[in-house]
Amino acid sequence: FKYQRPFQNFNVVFTTLPLAAAVECKAGRMFCFHGGLSPRIDLVESIQFVPRTLYEGGMFEEQIVDGLLWSDPGEKAWFHGNARGCGFLFGPEATKQFLTSNKFDFIVRAHQLQMNGWAWEHDNKVLTIFSAPNYCGINGNKGGILIISGSQESLAPDTLTLVNYDSV
C-alpha cells in the first residue's frame, strides 16, 4: 500500500505520453510505437483523437491503444487474438496495407524480447528493437539500439546500423 499513490501517479503520467511517432528523415518515413497495429487503425491521423485517459474497459478507442501498446507481429494474415491476453497479432498483410495507406517505409517497435536485441519481420517491413539486455535477469538476451545516419539514401535492413549490447 506504501507504493499505491506513486503507482497511480505514474499511470496518470503514462496516459499523457504520445502513443506513437512518425519519423521522417532523408532516408524515408517510419512509424514508431511500443507494440503494434490494431484492426481499428486505418490512418495514423485517427490516433490523435484517442482519449488516452479512458484506457480501461474495452471501448473502441481502447482497442486502438491496446493495439499500439501491446500487439505483436504474427505470421498469419491480417489480425488475430494474442496469447498475451491483450493487443493483437498483426500479419504481413496488415503491415503492408498500413504502410501503403499511410505512406511509411517501415515500422519500428519494441515490446517483444529478441535474443539478439533486434529482429526484422514481415519482409523487412517491421523492425523490433528490444533494448533491455538480460531481460528480468534471466533471459540472457542482448539489448538493441537503432542508429539512423542522416546520409543514408534509403531505409533498408542493410543500410541501418543495428547495435546489440550485453549490459547497460
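Our subject is the structure that appears above.
Since we're looking at a predicted model, the values are computed, not measured. (Residues numbered from 1 in each chain as written. Predicted model: local features only at pLDDT ≥ 70, side-chain atom pairs only at ≥ 80, totals over all residues. Heavy atoms only, no water.)

## Overview of the pattern of salt bridges
Evaluation of the coordinates by the stated rule reveals three salt bridges. Measuring nitrogen to oxygen at the nearest pair gives 3.6 Å for the salt bridge that ties Arg29 to Glu24. The exposed category is assigned to Glu24, whose relative accessible area is 63%. Residue Asp72 is joined to Arg84 by a salt bridge in which the shortest nitrogen-to-oxygen separation is 2.5 Å. Of the two residues, Asp72 is situated in strand 3 (residues 72-73) and Arg84 in the loop between strand 4 (79-81) and strand 5 (88-90); the sequence distance between them amounts to twelve residues. When salt bridges that share partners are traced, they join Asp72, Arg84 and Arg109 into one network. (Salt bridge = Lys/Arg side-chain N within 4 Å of Asp/Glu carboxyl O. Buried < 20%, exposed > 50% of the residue type's maximum accessible area, 1.4 Å probe, protein only. Helix = DSSP H or I, 4+ residues; strand = E, 2+ residues; numbered from the N terminus.)

## Here we look at the sheet that holds strand 1 (residues 20-25)
The mixed open sheet is built from five strands, whose spatial order is 1-2-6-8-7. Looking at which strands have only one partner, the edges of the open sheet turn out to be strand 1 and strand 7 (118-121). Averaged over all pairs of adjacent strands, the angle between their axes in this sheet comes to 20 degrees, without regard to strand direction. Bridge analysis of strand 6 (residues 106-109) against strand 8 (residues 126-129) gives three bridges, and the strand direction is parallel. Each residue of the ladder has a partner; that of Val108, found in strand 8, is Leu127. (Pairing = 2+ DSSP bridges. Axes fitted to C-alpha atoms, helices over the stretch in contact; angles between N-to-C directions.)

## Things to note about the sheet that holds strand 3
Backbone-to-backbone hydrogen bonds pair the strands of a sheet. The strands run either parallel or antiparallel. If you trace the three strands from one edge of the open sheet to the other, you get 3-5-4, paired in mixed fashion. Looking at strand neighbours, the two that pair on one side only are strand 3 and strand 4, the edges of this open sheet. One ladder, built from three bridges, connects strand 4 with strand 5; its direction is antiparallel. Residue pairing in the sheet places Gly81 in a bridge with Phe88 of strand 5.

## With respect to the pairing of strand 7
The pairing of strand 7 with strand 8 spans four bridges and is antiparallel. Each bridged residue has a counterpart across the sheet, and for Trp118 the counterpart in strand 8 is Ile129.

## Some points on the packing of aromatic side chains
For the coordinates displayed, the defined rule picks out seven aromatic pairs. Summarising the aromatic geometry, the rings of Phe31 and Phe98 are spaced 5.2 Å apart at their centres and angled 55 degrees between planes, so their arrangement reads as tilted. One end of the pair, Phe31, is in strand 2 (residues 28-33); the other, Phe98, is in helix 3 (residues 92-102), with 67 residues separating them in the sequence. Residue Phe98 is classed as buried on the basis of its relative accessible area of 4%. Ring centres 5.2 Å apart and planes at 85 degrees place the aromatic pair Phe130 and Tyr135 in the edge-to-face group. By relative accessible area, Phe130 is classed as buried at 9%. Taking the relative accessible area as the measure of exposure, Tyr135 reaches 38% and is therefore partly exposed. An aromatic cluster is present here, built from Phe31, Phe33, Phe98 and Phe104 joined pairwise through their rings. (Phe/Tyr/Trp six-rings, centres within 6.5 Å; stacked < 30°, edge-to-face > 60°.)

## Re unusual backbone geometry
Positive phi values are uncommon outside glycine, yet Lys103 reaches one of about 60 degrees. With respect to the secondary-structure elements, Lys103 resides in the loop between helix 3 and strand 6. What makes Lys103 exposed here is its relative accessible area of 66%. Although it is not a glycine, Asp123 adopts a positive phi angle of roughly 55 degrees.

Bear in mind that shape data such as this cannot, by itself, settle questions of function.
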